[in-house]
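Below are the chains, spelled out letter by letter.
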Amino acid sequence: MYPTDTGSVVPPLSGEQLLFLFGQLFVLLFTARVLGETVRYFDYPSVLGELLAGIVLGPSILGTLAPGLFISLFPPHPSQYHLLEAVSWLGLLMLLVITGFETDLDLIASRIGRATSIASTSIVVPFVLGFGVAWVLPSTFLAAEGDRFVFSLFIATALSISAIPVIAKILLDLGIIEREISQLIITSGMIDDTVGWILLAVVAGLARGQGETVITAAGTSIFFLAVFLLLAFTIGLRSVERLIRWVDSTFNSDLALVTTVMILALGVGTLTHALGLEAVLGAFVVGVLVGRVKRFDQEVRHVFEVVTLGIFAPIFFAMAGLRVDLTALADPSVLLVGSLVLGIATIGKFSGAFIGARRVGLSNWEGIAIGAGLNARGALEIIVATVGLSLGVLNGTMYTIIVVIAIVTSLSAPPMLRFALDHVELSEEETRRLRHREREERSFLGTLQRVLLPTRCSVHAQLAAQLLGHLGRNRDLEVTSMYVVRSEPKQTSFYERIRALFSTYGFDTPRTRSNGGDTPSADVGEDTVAESCLDLTTRQLSLPESATSTQIRRTRGPVSEAVVGELHRGYDLLALGMGTGGEARGGRDGSGRPLFELGIEDVLRATPTPIMAVNANIQNERRPLDPVPIRRILVPTVGTEYSRHAAEIAFEIALDCNALVEIVHVVDLRRLRELFVGEADVSDAVDIGAEIVDREATLGQQLGAEVLTDVLVSEQPERTIIERAAANEADLIVLGSELRSLSRRAFFGYPVEYVLKNAPCSVAVVSSR
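Just so you know, these numbers come straight off a predicted model, no measurement behind them. (Residues numbered from 1 in each chain as written. Predicted model: local features only at pLDDT ≥ 70, side-chain atom pairs only at ≥ 80, totals over all residues. Heavy atoms only, no water.)

**Student:** How would you explain unusual backbone geometry if you had to name every residue and give the values?
**Tutor:** Positioned with a positive phi, C457 is a non-glycine residue whose angle comes to about 70 degrees. The phi angle at S542 is positive, at roughly 50 degrees, despite the residue not being glycine. Within the secondary structure, S542 sits in the loop between α22 (524–541) and β3 (548–555). Using a relative accessible area of 47% as the deciding quantity, one classes S542 as partly exposed. (Helix = DSSP H or I, 4+ residues; strand = E, 2+ residues; numbered from the N terminus. Buried < 20%, exposed > 50% of the residue type's maximum accessible area, 1.4 Å probe, protein only.)

Shown next as structure tokens:
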């Protein structure tokens, strides 16, 4: 197969090898997905059906009922089998990346006390019991008699691990994943898994420690592991975040992000494998790090998960089942040992979790529920078994026993968990938390994660930055400040074009300071202005560095195209300064009107993204804007959805500024007369207005804001709003409005635009479309 001299070329796979590979992948994937969907119909995780696919096609069933067909499908040629195994290992690495996505370090930190107590005992008890039972097993269950210590450690690790994907799926199907007990189960399971991967890395290092003593091999593995984890969660975390941001800003492609994650998983997996820590640990850590980067949003994560769970993971699980030979259980000694190990695994996990739960003050039923949840081993135990088989620590019989444990515990977990949770009542505190979460999921602010702030540093844009800072102080917002530069076409040499191309993709050193610039700077003076403006905007935001980014965009077309193009990257809110002049420092479009003002009009008409437009109502637009004190906020409301969204933003700002919010509804007498053709019953309109302001006030009070309400009657509501703001010395008016498009401009409606132009204080207009 291989060349005998340096001039030869390695021959490709033969037609027969490709035929078998494609046929095997077809049969495995088809059967795995059919059985996966079948078990999903009965409310079980699809991984169980995918495992059963391998068992059905393997020596357990097909090999017993039709041995000739089995040999024809899966001939016992090592080279052919290894081709299929290589594809399944890709699925394994990708599955570990997804597991890392689901590992929420912030969740672990928030419940570290109780969860650590539960996780520690739920690991230690089954680990000790598993080590003990493995130590006394007959030598026929060992892959090599001299490796009993490593074998026992491996069995102990396999029995102490839990399967977060299976646990989360069960809790999601039951509709209780938001409950406190469910979060404790998930958090404890995350700690279980994290410790499990660390244990796996150490044991794998011991298994590879040829010619070394146990102490030396363990010490080496633990040293490399400690150094790797330290670098991963310090330098690695920052590097991954910057890389993901750069890829997203430069290529603007979900495919580029998915490719980047896969390259990281393969690269880091190669590193950890070379260090003797096992490739799966590297893939898992990559998933954890990437999962913490806000720019790698849910949509991109979904693409990666679809490819993994739809194609590669089913092949891996089917391959795992293909190695299982259930006919071995016909041997009474194997059946006895399998039953014993299953019992030890279940009793150890149950009792360990129960002891930990009781130790932190949970009830008996809560302890049973946690034990039932953590007892699900699922895919992760199969991964451990696969690693053990590949290292030669496990033989085929012990591998079969561990896979059977994974299947049985995953099948038994849902009914046991349902039964236990039926006896766990909600506390008052948990009821309030769930209601708050439900409100948050329905709220407008709850949908906001990424915000774009185009700026030329007018006071209006600076105030918009300050308001975003108030919004993002207690929320997970990422704000991108963007400065757009108009550049005219010019003649360039071939060398300059190549240099610009390389600079665009980050391979040239002289670049403007940006988290995603487009082209090299053609005007150092303009770039200096842009950088100064973005520095000022970042200071006005006053948010953590991880929550802000800056971009300098150069465009030869309209400014609006650059802004709208950036919005297509998946922003949830567009924040704008609504100045009437002075923002266009740096150029005009030839019509005499400020360039960026025209850009704003075009953007407002072109984008469906929700908008917050801000007018500072300050005359001097040349100086940096000092922090604007906000003590009182006026929120006019007409009871519509966009009025409620404006109120949400006002409440969030008020909570950060410790400000008073006044909710006002103005009954429009002119409109009443038009509707009723004559004298209208004002009292009914006032009663309706009272219901509207009370509803908005209730939301603010639930959030913890101080709220006043009032209902006014006027023939000119917009003037009444202005007068009310002046009389009560409001510092900010927040209005909700529906954005309408006219022939040449975006139109918020006459009352809103009247308030924008005549208000005695700053105004923010929220258009949630």
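**Student:** For the state of the cysteines, give the residues involved together with the corresponding values.
**Tutor:** Summed over the entire model, instances satisfying the criterion amount to 1 disulfide. Two residues share a disulfide in this structure: C457 and C533, whose sulfurs sit 2.2 Å from each other. Handedness here is read from the sign of the S-S torsion; for C457 and C533, about 105 degrees, the answer is right-handed. Taken together, the positions of C457 in the loop between β1 (450–454) and α20 (459–472) and C533 in helix α22 put the pair 76 residues apart, joining distant regions of the chain. With respect to burial, C457 and C533 carry one shared label: buried. (Disulfide = S-S within 2.5 Å.)

**Student:** Outline a nonpolar patch on the surface, listing residues and values.
**Tutor:** Taken together, L52, V56, I61 and L65 make up a surface patch of nonpolar side chains, about 340 Å² in accessible area. Mapped onto the elements, V56 comes out in helix α2 (residues 46–57). (Patch = residues over 30% accessible without salt bridge, like charges linked within 9 Å, V, L, I, M, F, W, Y side chains within 5 Å. Areas by Shrake-Rupley, 256 points an atom, 1.4 Å probe, with all protein chains shown as cover. Salt bridge = Lys/Arg side-chain N within 4 Å of Asp/Glu carboxyl O.)

**Student:** Before we move on, could you go through the packing of aromatic side chains and cite the residues and values that matter?
**Tutor:** Counted according to the given criterion, the structure contains 10 aromatic pairs. Ring centres of Y41 and F42 lie 5.2 Å apart, and the angle between their planes is 90 degrees; on these two criteria the pair is classed as edge-to-face. For F42, a relative accessible area of 54% translates into the label exposed. Put simply, the rings of F101, F296 and F304 touch in pairs and so form one group of aromatic residues. Stacked on the ring of Y571, the Lys or Arg R450 has its end atom at 4.3 Å from the ring centre. Stacked on the ring of Y483, the Lys or Arg R456 has its end atom at 5.1 Å from the ring centre. (Phe/Tyr/Trp six-rings, centres within 6.5 Å; stacked < 30°, edge-to-face > 60°. Lys NZ or Arg CZ within 6 Å of the ring centre and 35° of its normal.)

**Student:** Quick one: what's the story with the pairing of strand β7 (residues 660–668), residue by residue and with numbers?
**Tutor:** Within β7, 8 of the 9 residues are buried, which leaves it mostly tucked inside the rest of the structure. Sheet analysis places strand β6 (residues 632–636) next to β7, joined by 5 bridges and oriented parallel. Across the sheet, residue V635 finds its bridge partner in β7, namely I663. One crossover worth recording links β6 to the parallel β7 by way of helix α25 (residues 641–657), and it is right-handed. (Pairing = 2+ DSSP bridges. Right-handed = clockwise from strand over helix to strand, strands pointing away.)

**Student:** Any chance you could break down the packing of helix α10 (residues 180–208) against helix α13 (residues 279–291) for me, citing the residues and the numbers?
**Tutor:** Running from N to C, α10 and α13 point in directions that differ by 150 degrees, and their axes come no closer than 9 Å. The orientation of α10 with respect to α13, classified from their angle, is roughly antiparallel. The element α10 and its partner α13 pack so that their crossing is left-handed. Along the contact surface, α10 presents T194, W197, L200 and A201, while α13 presents V280, L281 and F284. (Axes fitted to C-alpha atoms, helices over the stretch in contact; angles between N-to-C directions. Parallel < 35°, antiparallel > 145°, perpendicular 65-115°, else oblique. Left-handed = near helix turned anticlockwise from the far one by under 90°. Contact = heavy atoms within 4.5 Å.)

**Student:** Run through the packing of α2 against helix α18 (residues 396–421), naming residues and quoting values.
**Tutor:** The interhelical angle for the contact between α2 and α18, taken along N-to-C directions, is 145 degrees, at an axis separation of 11 Å. In terms of crossing hand, the pair formed by α2 and α18 is left-handed. Contact residues: L48, L51 and I55 in α2; V403, I407, S410 and L411 in α18. Considering only residue class, the contact of α2 with α18 consists of 6 nonpolar, 1 polar and no charged. (Nonpolar A, V, L, I, M, F, W, Y, C, P; charged D, E, K, R; others polar.)

**Student:** Outline the nonpolar core, supporting the account with residue identities and numerical values.
**Tutor:** With 89 residues, the main nonpolar core has F151, W197, F304, I383 and M398 as its most contacted residues. The leading source of residues in this core is α13, at 10 residues. Those residues in contact with W197 that sit more than four places away from it in its chain are L96, V280, L281, F284, L380, I383 and V384. Counting residues in hydrophobic clusters, the runner-up holds 51 residues, among them V479, L625, A659 and L732. (Core = buried A, V, L, I, M, F, W, Y, C linked by side-chain atoms within 4.5 Å.)

**Student:** Residues and numbers for the pattern of salt bridges, please.
**Tutor:** Scanning the entire structure with this criterion turns up 17 salt bridges. One salt bridge connects R33 with E50, and the closest N-O pair in it is separated by 3.3 Å. Taken together, the positions of R33 in helix α1 (residues 15–41) and E50 in helix α2 put the pair 17 residues apart, joining distant regions of the chain. Between R553 and E566 there is a salt bridge whose closest N-O contact spans 3.0 Å. Taken as a pair, R553 in strand β3 and E566 in helix α23 (residues 559–567) lie far apart in primary sequence, 13 residues in all. By relative accessible area, E566 is classed as buried at 2%. Connected through salt bridges with shared partners, the residues R33, E37, R40 and E50 form a single ionic network.

**Student:** Now, about the confidence of the model for the chain: what can you tell me, with residues and values included?
**Tutor:** Caution applies to low-pLDDT parts of the model: their predicted coordinates are not meant to be read in detail. Looking at the chain, pLDDT values average 79 and 82% of them are 70 or higher. Helix α21 (residues 494–504) is the least confidently modelled element of the chain, averaging 49 in pLDDT, while β6 averages 94, the highest of any element. Confidence drops under pLDDT 50 across residues 580–598; counting only partners more than four residues distant or on other chains, this segment forms 37 contacts. (pLDDT = per-residue confidence, 0-100.)

**Student:** Any chance you could break down the pairing of strand β5 (residues 611–615) for me, citing the residues and the numbers?
**Tutor:** By the criterion of burial, β5 is predominantly enclosed, with 5 of the 5 residues buried. Here β5 shows two buried faces, one formed by I611, A613 and N615 and the other by M612 and V614. Where strand β4 (residues 573–577) lies against β5, 4 bridges are found, and the strand directions are parallel. Counted as the bridge partner of L576 is A613 from β5. Note: β5 against strand β12 (residues 762–767), 5 bridges, orientation antiparallel. Residue pairing for β12: A613 is matched across the bridge by V765.

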